[in-house]
Every structure is written in structure tokens, then in C-alpha cells.
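What follows is the residue order along each chain.
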Amino acid sequence: MKNLISLLKYLKPYKKWAFLAPLLIVFEVIMDLCMPNIMANVINIGIGENNTNYIVFNIILMCILTILGILGSIGSAYYAAKASGYASADIRKKVFEKITNLSFLNLDKIKTGHLITVLTNDITLIGEIIMYLLRLIFRIPIILVGSILMAILISPKLSIILVFIVPITTLVVSILMKKAFPKFQEVQERVDDVNTVVRENVSGIRVVKAFVNENYEIDKFDKANKKLRQISVKAIRIINVTMPVMMLFINIAIVFVLWYGGIEVMNKDMLIGDIIAFIQYLSNILTSLLMASVVIVMLSHSEASALRINEVFNYKSDLKNTKKYKKSKLKGKIEFQNVDFSYDQGSGNLVLKNLNFVIDPGQTIGIVGSTGSGKTSLVSLIGRFYDITKGKILIDGVNIKDYDLNFIRKHVVFSLQQPVLFSGSIKDNLKYTNKDISDDEMIKVSKIACVHDFVMEKENHYDYKIEQKGTNLSGGQKQRISLARALLSKPDILVLDDTTSAVDINTDLAIRKGLKKFYNDITILMISSRISTVINADKIIVLDEGQIVGFDTHDKLLKENKVYQAIYKSQIKDGDLDD
Ligand code: TTP
Ligand code: MG
């Protein structure tokens, strides 16, 4: 229960509403507790003694109590919904912020599907349970105790039945709930499975269709869906048994009360109205017990959700942001000293081995190497997306770990291998990092990145709507928008990870010329699978299986470096080297 309790602190800003909700329910409780008694009096005194005035007075009293009860109930529901709604929105915001701040290494380990389930299902469930708690926390115990007292007051003798019926009902209901609870937990897990299948399918639907594999995927979904159906039916079956069982107990109790009470009435030891009131209190007691057991099941159910929410809160980002060194801008000197790196720190499986190099401010550096040689991994270290296993990375002579993380991310800008665009207009995407960029500047940079020409061909130009995941743009267009977006965030160090791989050679050349002309003062790291892209770089890093096997100009490498020569030769054959 401690996880759920720890989440209740989110009610704090809304404590006024959180107090009003249980407080207002008191009117409903008063109504529930007084009504049977008043009804008994109307029958006993009003009807029994033919006292019309008494009947009218009590009916008016009942009306007033009912109206007050209903108003209280509406008010309570209103404030409970408000408090729980605001609190769960706050929790959702906190979880989202936490996810946004997680490191790559964290995110590599956590399934996206799990995070989405936490953000949607789990938090919604917590919101619901908070609402029920606010409404029922006082209602159930007061009605339970109040009704028991009233029943005893009416007839101590008849109340002996409570000694039997209350424990038996409690026992039976709790056994049923105990059975149902694990089933409901399993339902949640099966929902996760169905979600996973759907998510994979929707995001990979093009591949599924391209391989004509729809039937296989539908089959997979059917299996997950069938499992969910089976367990849901089982869980609901148990719950469905509970209601009739409760009704059975209530009816047995009523039969007993009528039988025994009837004898008492005939002996003139009891009045008819009292029997009716007693039956009312009895059903109050039993329904409260049922409600209590439902709440207890919900509480334990929501504890699992609360645990998952707290798990997200407790993820420790493995990138420590302690020293927080900042300056106005970076000059752009990058130094690697004996750097080893592994994605899986414990395994010793090194992706990069013993890297040593110095890049001077303003240089343009090409990075080449076969696929999987570690190019992307190398540059991701410069943005400190991961911490290295051994050695040191210095930027402007300062250890990268001493910088403020956000400062580094702001000044070392990436245009990634697979560009990610957001749904919205082209303009929204270009001004992603800074809304205040002027349209003139946006257009100027768009021309450098060879974005402007194709944008002018789209309808609405820069206001052209990009669909989810950029499906209505070509690969090369996405890459160029991603490059322009990177340039517009005014980097001191710019990293291009094969950014022009899907762009034709002439456009690629135009982009490189533009970069040289307008961005000569910043440090640029340019990964490319095409030698032609890096041919004019100040120096080229040649990577092979995580090691640097060459670091020099194109001409020198071509003369002396075997790995470089091999790459060069293979591309001449392909006719890829046109300039
Ligand atoms: P990369 O650094 O991605 O290799 P690359 O960029 O040179 O390859 P490409 O030209 O295809 O873009 O990968 C190097 C190794 O690191 C490879 O064995 C896969 C592994 N790796 C991970 O384990 N986790 C990751 O997140 C990445 C990016 C790579
Ligand atoms: Mg790569």
C-alpha cells in the first residue's frame, strides 16, 4: 500500500477539494441512516395511530433530507473528480518529465510500450482510485457502524442475526475477491501484450505489407487477443458470482427477520415499521461490506499501478550532472584520450577501443568506416549521450563530464542518421529549438541546406503540414529539413551522421559548399558512407571495428591507408565518386 500512499501527496495542492469531497458525503450518510427510522415512525405512529399531521411532517422531513443528501452527493462527486483529476494530471506531467530526462542508456533498457502503459492505464487507474477513496473513505465505515447501532437500537434480539451474517458475508466476499484479484492483474498483463502487438504493427505496417505478412501478424494479434479474452471472462465470472451470492445472503437474512420479527409483532413485542427499518439497515450493512471489499480489491489492484509509476520516478539517470560548468559558447576543440566505450558497461564488450585524436576549433572532420564500425557511437559520445568506459573526452580542454549536460546538448548539435520530424508544419520543425527565429533567417538557412527549393514546390510552402513521422516527405527531404533544423539552433559543434545519404550527389555538393561558406568557424563532424562527401574535409577519421586506423587528409590516406584505399576503390567501381 505504501506506493499508493506515496502518490497521495499529489493531492496536497488540492487539499481544499480533497477535504470537501468526503465532508459533503456526510449529508448522504445522514440521509441513509435517518430514512429507515423516519419510515418506521411514519408506519408505526402515522399510519398506526392515524396521525395525518405526523405523516405530512415526516414526509416533508424525508424530502428535505433527500434533497440535502442528493446535493451533498453531487457536491462530493464534483470535488472528488476535480481533486483526483488534477492530481493525476500532475502525476502524468511528472512521469512525462522524468521520461524526457532519462538518458539514452536508460531508454535503451526500458520498453517504450511499458512507459506508454504507465502514462495512460496506470495513472488513469490511480486517478479513479483516488476519486473512490475520497468519496468512500468515511462513507463506508460510518454507514456500517451507524447501521449496526441503529439495528441494535431497534431490536437487540433481531440483531443477533448480525453476529452470523456479517462474518459469513465478509468471509465469502473476501474469498471471491482474493480469487478475482490475480485474474485482474493478469488481465492487465494481457492488455500489455495486445498493446505491444498493435504498437509494433502500426509502426511497422509498411514492412508488414511489403512482405505480405498480414496474415501472420493477424494471427499473432488473434493469439494475444484470445488470451486476453479468456482471462477477462474468468475474472468477470467471479465478480458476477459475487452479486447473486450477496443477494442470497440478504434475502436469507430478510426471510429470517420477517419470520422472527413477525412472531415478535404478533406477540406485540415489536412494531411493523421497525421490521421494515431493520431490513433496510441490514441491507445497508451488507452492501457496505460489499463496497468495502470492492474498494480493498481496487486498492490492491492500484498498488501494482502505483508501483510501476514509482519505478519510473526511481529510474536513476546514469549520466550525472553535477559540476554544471557553462560558458557563453564553445570554441569547438575536441580531444579523445584513450577512450574505451561499451553500451553494456558490465560486459566488457567494447564498441570503441582506445581512441586518441585531437580536433581543432573550426575544422571539418570526415568519419568513414564500414557499417557497424562505431561511427554513430563515436559521435554520440561528443553529445554525452553515454558516458565512456575508460579514458577522457575534453571539449575546449575541459572534461565533458564537468559541463552542464544541457549546455553540451545545446551547443553540440546533431542531425541524425534517421531524421525524426514531428507532426506539424515544416516551419514548426525548422524552428523547433527556437520559436523566435525570423522567417528571413529560416529561409536563408533553408537555402544553405537545400530545403528552400523543394519547399517552394509544396502547397503552402513553409506551412506545408508534415504527417506523423514525416511520411509525406522523401527520405532526402527529411534529411535536409533535419540539417536545416540543426543549423538553425546555432551549433558550435555540428555533427552530421550520414545526413546526406539519401540526397543526390549534386545537392550533396551544394550543401557542402554552403556549409564551407557560411559555417567555416564551427567544428563539423561529418559521418559519411560516401567518400565524395568527406573528400574536402580538413581531416578524415577512418574507423575499423571500433578502432581508429587512420586520421589524416584524403590525399595522405589514399596514399598510405589500406582500409581507406579499399573503401575508395569499392566506390570508384560503383561510380559513386563524381567529384
Ligand atoms: P554504430 O556505432 O551504430 O556503427 P556505425 O554508425 O559505424 O554503423 P552504420 O554505418 O551502419 O551507421 O554501431 C557500432 C556497434 O555498436 C554495433 O555493433 C552495434 C552497437 N550498438 C549498440 O549496441 N547500441 C546502440 O545504441 C548503437 C547505436 C550501436
Ligand atoms: Mg551509424
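Procedures and definitions
- Residues numbered from 1 in each chain as written.
- Chains lettered and ligands numbered in written order.
- Predicted model: local features only at pLDDT ≥ 70, side-chain atom pairs only at ≥ 80, totals over all residues.
- Heavy atoms only, no water.
- Near = heavy atom within 4 Å.
- Polar contact = N/O pair within 3.5 Å; in protein donor to acceptor, adjacent residues only side chain to side chain.
- Areas by Shrake-Rupley, 256 points an atom, 1.4 Å probe, with all protein chains shown as cover.
- Axes fitted to C-alpha atoms, helices over the stretch in contact; angles between N-to-C directions.
- Helix = DSSP H or I, 4+ residues; strand = E, 2+ residues; numbered from the N terminus.
- Parallel < 35°, antiparallel > 145°, perpendicular 65-115°, else oblique.
- Left-handed = near helix turned anticlockwise from the far one by under 90°.
- Contact = heavy atoms within 4.5 Å.
- Nonpolar A, V, L, I, M, F, W, Y, C, P; charged D, E, K, R; others polar.
- Pairing = 2+ DSSP bridges.
- Phe/Tyr/Trp six-rings, centres within 6.5 Å; stacked < 30°, edge-to-face > 60°.
- Buried < 20%, exposed > 50% of the residue type's maximum accessible area, 1.4 Å probe, protein only.
- Lys NZ or Arg CZ within 6 Å of the ring centre and 35° of its normal.
- Domains from an automatic or database assignment.
- Buried area = accessible area lost by both parts, 1.4 Å probe.
- Salt bridge = Lys/Arg side-chain N within 4 Å of Asp/Glu carboxyl O.

Bringing the site of ligand 1 into the picture now. Surveying the vicinity of ligand 1 reveals the residues Tyr343, Val351, Ser370, Thr371, Gly372, Ser373, Gly374, Lys375, Thr376, Ser377, Tyr386 and Gln417. At 2.6 Å from an oxygen atom of ligand 1 is found a side-chain nitrogen or oxygen belonging to Thr376. Here Ser377 contributes a side-chain N or O atom positioned 2.5 Å from an oxygen atom of ligand 1. Within the complex, 61% of the 600 Å² of free accessible area of ligand 1 lies under protein.

Another point: the packing of helix α6 (residues 139-154) against helix α10 (residues 272-314). At a minimum axis distance of 9 Å, the contact between α6 and α10 shows a crossing angle of 155°. Here α10 runs roughly antiparallel to α6, going by the angle between their axes. Here α6 and α10 pass one another in a crossing that is left-handed. On the side of α6, the interface is formed by Arg139, Ile140, Ile143, Leu144, Ser147, Ile148, Met150, Ala151 and Ile154, while α10 contributes Asp274, Ala277, Phe278, Tyr281, Asn284, Ile285, Ser288, Leu289, Met291, Ala292 and Val295. Here the contact of α6 with α10 is built from residues that sort into 15 nonpolar, three polar and two charged.

Looking now at the sheet that holds strand β5 (residues 398-399). With antiparallel pairing, the four strands of this open sheet are ordered in space as β2-β1-β4-β5. Each having just a single partner strand, β2 (352-359) and β5 make up the two edges of the open sheet. The pairing of strand β1 (residues 334-341) with strand β4 (residues 390-395) spans five bridges and is classified as antiparallel. Residue pairing in the sheet places Ile334 in a bridge with Ile395 of β4. Where helix α11 (residues 375-382) meets the sheet, it contacts β1, β2 and β4, and its direction lies at approximately 120° from that of β1.

Before going further, it helps to spend a moment on the side chain of Ser288. Along the polypeptide, Ser288 turns up in helix α10. Here Asn284 takes part through its backbone oxygen, which lies 2.8 Å from a polar atom of the side chain of Ser288. Contact partners of Ser288, with chain neighbours within four places excluded, come to Ile140, Ile143 and Leu144.

Now for the packing of aromatic side chains. Enumeration according to the criterion identifies 17 aromatic pairs in this entry. Taken together, a centroid distance of 4.9 Å and an interplanar angle of 70° make the contact between Phe341 and Tyr343 edge-to-face. On the basis of relative accessibility, which here comes to 32%, the residue Tyr343 falls in the partly exposed class. Members of the aromatic cluster, joined through ring pairs, are Tyr14, Trp17 and Tyr86. For Lys539, the ring lying beneath its charged end belongs to Phe551, and the centroid distance is 4.5 Å.

Okay, the domain arrangement of the protein next. Domain boundaries assigned for the protein yield domain 1 (2-314) and domain 2 (334-574). Taken over C-alpha atoms, the centre of domain 1 sits 56 Å from the centre of domain 2. Taken together, the contacts link five residues of domain 1 with five residues of domain 2. Buried surface at the junction of domain 1 and domain 2, summed over both partners, amounts to about 500 Å²; 60% is from carbon and sulfur atoms. It is Phe104, Leu105 and Arg206 that lose the most area in domain 1 upon contact with domain 2, and together they represent 77% of the buried surface on that side. Where domain 1 touches domain 2, the interface holds zero salt bridges.

The next thing to look at is the packing of helix α2 (residues 15-47) against α6. Their axes nearest at 10 Å, the elements α2 and α6 cross at an angle of 20°. Between α2 and α6, the interaxial angle falls into the category roughly parallel. In the packing of α2 onto α6, the handedness of the crossing is right-handed. Only Arg139, Ile142, Ile143, Gly146, Ser147 and Met150 of α6 make contact with α2, whose side of the interface consists of Ile25, Glu28, Val29, Asp32, Leu33 and Asn37. Classifying every residue of the contact of α2 with α6 gives six nonpolar, three polar and three charged.

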